[in-house]
Amino acid sequence: MRFFIMILSFVRFFFYSFIAVAACCSIIFTFLIFTAAKDLPKLPQPLSRIIEIPQTEIYAATGEMLISLGGRDSVPLARVSTDFINAVLATEDHRFFEHHGINKLRTIKALFITLFKPGKIQGASTITQQLAKNLFFSFEQSYLRKFKELLVALQIETTCSKREILHTYINQIYFGAGAQGVEKASQVFFGKFAGDLSLGEAAMLAGLPKSPTRYNPYKHYKRALKRREIVLKRMVDVGYITELAAKQALITRPELYSKYADSRTGSYFLDALINRLIKKYGEEVVFHGGIKVFSTIDSKLQAAAEESMENGLAGLDKIIGLTKEKLPKPQGALVAVDTASGAVKAMVGGRNYYTTEFNRAVNSRRQPGSGFKPFLYYTALEKLGMHGATPLIDSPVKIEIKGAPDWSPRNFEKRNAGKMILKRALTHSVNTIAAKLVEKTGPEAVIRTAKLCGIKSPLENVYSVALGTSGVTCLEMASAFATFAAGGVRHEPFLIWRVEDSFGRVIEEHIVQEKKVLDPETAFQVVDMMRSVIKRGSGRSVRRGGFMRPAAGKTGTTDNYNDAWFTAFTPSLSTSVWTGFDKKRRLKTSYNVGITGGRSAAPIWTDFMKKALAGQPERNFPIPGGIRFEKADAVTGCPAVEDDAEKIFEIPLKENQTLLRGEE
């Protein structure tokens, strides 16, 4: 009897618990409906007006519009290939004509992912729900927004026919390469009307919206074919085509339209900016949202950078002796960064965008060679208490490394000059002295300095890192050297000042933030050494090229001549230039002589900076209050006694620093 009573108690408990949970769910659901329904977007009449969302526009910092994204040509269903319509339905929503805006199985799966996988908010993604998304212009992902989308999807299904929904959907999908809607995509990829698509072409197009960048057939043709195979299999599975038709379509290789160039951005900078937008907001917002993007690019500087790169590489071709068109040609990259904010003012990622869209300015890590030494010299001055007149010996060096061969770097000229001061050593890029410095500081300290300045690429913890044996990007070098130009203040490089939604509301705005990462007096001492590089060292070609403004920088050439750099700055603009072959190959003249950064990259830098700063007032590097100058002997570091400019260096000293006296 007790057992029966106990069972009855349990049943009552669970029954009332169920009633309570059901009541709570009903209350919550009712609350959600009333909360969400208050500010649901109004459905346009007719529904196809969703397609009329304004295009995304990207502007230069100087005000002119650079490009608009998302333009489309609406086409009725009757003028669209049946194969394409079936391919889209099979891939995106094969129960489209059966459900009422919500796929129950998909919804349960999406709810499970949303609730039990933290950080992931998943939608059920019927065609109707995807359309509903386009009526929302707040870009956050939230449970309430997903619920609102569901309500709007139900509203669409109630007020519109299936054909109207399908017509609107296929005319607003983004396919990549600037193509919005099926008609534009058919023209861009195949040069034909949407009604003339073959099964193979239709299936390829239908596979692109899942990830327009990843499956772009102009960049990833094999990947696009693999995706098409999945689409064709889905079409067979749901009964739209036979297996024989699918096999015949798989045999075909769609021929892409040769005039595709018009659909690309034509700009390495714009590609980088759009990729950044997609990463943050997603392709739907970038290409459907009608946002306005105000970039950092200066149109005048960008045009100058492209012209300087073109002319510079043409000159390099002549030095190398390239006469045959089919021979591989050297490439180049350039990035210019505003030293006061970190704004990227110009970017060139290669010789010709339409030949190769690979952006070497941000995606290619190449060894900077001696261009990395300023980070070493700052570390030595900071950690070892040295200054520009500290003498060291330029002599053969051998550093023992546990478990590896000894490291014995040699000077570029393959000879040693004996005793000299640090400023002279950096001016003439003496490797043996750099090796002795990194032996004293340790590579970890040099890496720390480089990271503080803005180098983000992985740096190998070895002594040779101080001589630039770890790959970095042009953007990193320009940005990191800008830290020296700004007196030790770090600004993160950025491409976008502001983003507005289609209603003009600001959804992103860059606020310039400064972070003091280097001692300003020590940073100025390194800047002073880099000024000497341009005045009397490996960067002398800058002055010979006619650029006479105050500037500081460093050349970089790898031992094998695979990479040649010049990174330098004025008080307002920091620019890095790299030259070399994509597939590592020596830069050498027709007489088999290696080409240095001072000969290949520095002339490009010089030509660009002359154009970029034309008409601007000349500025000197600000001198920190605690700095004084004394003239030192280039060999001993003692106060100069001769009046020979070649043997004298002017040295900036801190209050607690002095020159050597006699034989100290």
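Residues numbered from 1 in each chain as written. Predicted model: local features only at pLDDT ≥ 70, side-chain atom pairs only at ≥ 80, totals over all residues. Heavy atoms only, no water.

1. Points about the overall build of the protein chain
Of regular secondary structure, the protein chain possesses 22 helices and 20 strands. The buried share of the protein chain, taken over its 664 residues, is 54%. Long-range pairs, those at least 24 residues apart, make up 70% of the contacts in the protein chain between residues at least 6 apart in sequence. When the accessible surface of the protein chain is summed, it comes to about 31400 Å², and 55% of that surface belongs to carbon and sulfur atoms. (Helix = DSSP H or I, 4+ residues; strand = E, 2+ residues; numbered from the N terminus. Buried < 20%, exposed > 50% of the residue type's maximum accessible area, 1.4 Å probe, protein only. Contact = heavy atoms within 4.5 Å. Areas by Shrake-Rupley, 256 points an atom, 1.4 Å probe, with all protein chains shown as cover.)

2. With respect to the sheet that holds strand E5 (residues 292–295)
Either a parallel or an antiparallel arrangement is found when strands of a sheet pair, and the pairing is made through backbone hydrogen bonds. If you walk across this open sheet you meet the five strands as E2-E1-E5-E13-E14, and the pairing is mixed. Each edge of the sheet is formed by a strand with only one pairing partner; in this case those strands are strand E2 (65–69) and strand E14 (506–509). Put simply, the sheet's adjacent strands are angled 15° from each other on average, direction ignored. In this sheet, E2 lies alongside strand E1 (residues 56–59) in antiparallel orientation, the contact comprising four bridges. In the strand pairing of E2, threonine 56 is matched with leucine 69. Packed on one face of the sheet, helix H11 (residues 268–281) meets E1, E2, E5, strand E13 (496–500) and E14 and runs near 50° to E13. (Pairing = 2+ DSSP bridges. Axes fitted to C-alpha atoms, helices over the stretch in contact; angles between N-to-C directions.)

3. A word on the packing of helix H9 (residues 221–237) against helix H10 (residues 243–251)
Geometrically, a packed helix pair is captured by the angle between its two axes and the distance between the axes. At a minimum axis distance of 9 Å, the contact between H9 and H10 shows a crossing angle of 165°. In this view, H9 runs roughly antiparallel relative to H10, as classed from their interaxial angle. Between H9 and H10 the crossing geometry is right-handed. Where H9 abuts H10, its residues Arg228, Glu229, Leu232 and Val236 lie against Glu243, Ala246, Ala249 and Leu250. Considering only residue class, the contact of H9 with H10 consists of five nonpolar, no polar and three charged. (Parallel < 35°, antiparallel > 145°, perpendicular 65-115°, else oblique. Left-handed = near helix turned anticlockwise from the far one by under 90°. Nonpolar A, V, L, I, M, F, W, Y, C, P; charged D, E, K, R; others polar.)

4. So, unusual backbone geometry
Despite not being glycine, tyrosine 561 has its phi angle at roughly 65°, a positive value. Structurally, tyrosine 561 can be placed in the loop between strand E16 (552–557) and strand E17 (563–569). In this structure, asparagine 592 is a non-glycine residue whose phi angle is positive, near 70°. Inspection of the secondary structure puts asparagine 592 in the loop between strand E18 (573–580) and helix H22 (597–612). Taking the relative accessible area as the measure of exposure, asparagine 592 reaches 46% and is therefore partly exposed.

5. Describing the pairing of strand E20 (residues 648–653)
Within E20, five of the six residues are buried, which leaves the element mostly enclosed by the surrounding structure. Two strands pair when backbone bridges link them, and strand E19 (residues 628–633) and E20 are joined in this way by six bridges, in the antiparallel orientation. Along E20, the bridge assignment pairs alanine 632 with phenylalanine 649.

6. Describing H9
Here H9 spans 24 Å end to end across 17 residues, near enough to the 24 Å set by a 1.5 Å rise per residue. Every buried residue belonging to H9 is among Tyr221, Ala224, Leu225, Arg227, Arg228, Val231, Leu232 and Met235, and all of these are buried. Along the axis of H9, the buried residues cluster in a sector spanning 160°; they form a single face. Across H9 from its buried face, at more than 90 degrees, point the exposed residues Lys222, Lys226 and Lys233. Glycine 239 lies just past H9 and shows a positive phi near 90°. (Expected span 1.5 Å × (residues − 1). Arc of directions from axis to C-beta.)

7. Some details on the pairing of E14
With three bridges joining them, E13 and E14 adopt antiparallel strand pairing. Residue pairing for E14: arginine 498 is matched across the bridge by glutamate 509.

8. Structural notes on the pattern of salt bridges
As enumerated under the stated definition, the model contains 22 salt bridges in all. Here glutamate 508 ties to lysine 280 by a salt bridge, and the two come within 3.4 Å at their closest N and O atoms. Taken together, the residues span a long stretch of sequence, with glutamate 508 in strand E14 and lysine 280 in helix H11 at a distance of 228 residues. By relative accessible area, which is 48% here, lysine 280 ends up partly exposed. With its nearest N and O atoms 2.9 Å apart, the salt bridge here joins aspartate 607 to lysine 611. You can see aspartate 607 and its partner lysine 611 sitting in helix H22, four residues apart, about one turn around the helix. Residue class for lysine 611 comes out partly exposed when judged on its relative accessible area of 24%. Shared partners join several salt bridges into a network, and the residues in it are Arg276, Lys280 and Glu508. (Salt bridge = Lys/Arg side-chain N within 4 Å of Asp/Glu carboxyl O.)

9. Some points on the nonpolar core
If you look at the biggest cluster of nonpolar residues, it comprises 83 residues, and the most contacted ones within it are Phe375 and Phe484. Dropping the residues within four chain positions of it, phenylalanine 375 is found in contact with Val446, Thr449, Ala450, Cys453, Ile455, Met477, Ala480, Phe481 and Phe484. Grouped together as the second largest cluster of nonpolar side chains are 51 residues, Phe84, Ala87, Cys160 and Met235 included. (Core = buried A, V, L, I, M, F, W, Y, C linked by side-chain atoms within 4.5 Å.)

10. Looking at the confidence of the model for the protein chain
In the predicted model, the protein chain carries a mean pLDDT of 87, and the fraction of residues at 70 or more is 85%. In this model residues 27–37 is a low-confidence stretch, pLDDT under 50, and it forms 10 contacts with partners more than four residues away in sequence or in other chains. Low pLDDT, under 50, characterises residues 118–124; the predicted model gives this stretch 17 contacts beyond four residues in sequence or across chains. (pLDDT = per-residue confidence, 0-100.)

11. Some thoughts on empty space enclosed by the protein
The tally for this structure, following the rule as stated, stands at two cavities of 30 Å³ or more. In this structure, the largest cavity spans a volume of roughly 40 Å³. If you trace the largest cavity, you find it lined by Ala333, Arg360, Ser364, Arg366, Cys474, Trp565 and Trp578. Among the residues forming the lining of the largest cavity, the class breakdown is four nonpolar, one polar and two charged. Here the second largest cavity defines a volume of roughly 30 Å³. In terms of lining residues, the second largest cavity is bounded by Thr339, Ser479, Ala482, Thr483, Ala486, Val489 and His491. (1 Å grid on protein atoms, 1.4 Å probe; cavity = no way out; pocket = protein on both sides within 12 Å on 5 of 7 lines; lining within 4 Å. Points joined across faces, edges and corners; volume = space filled by probe spheres on them.)

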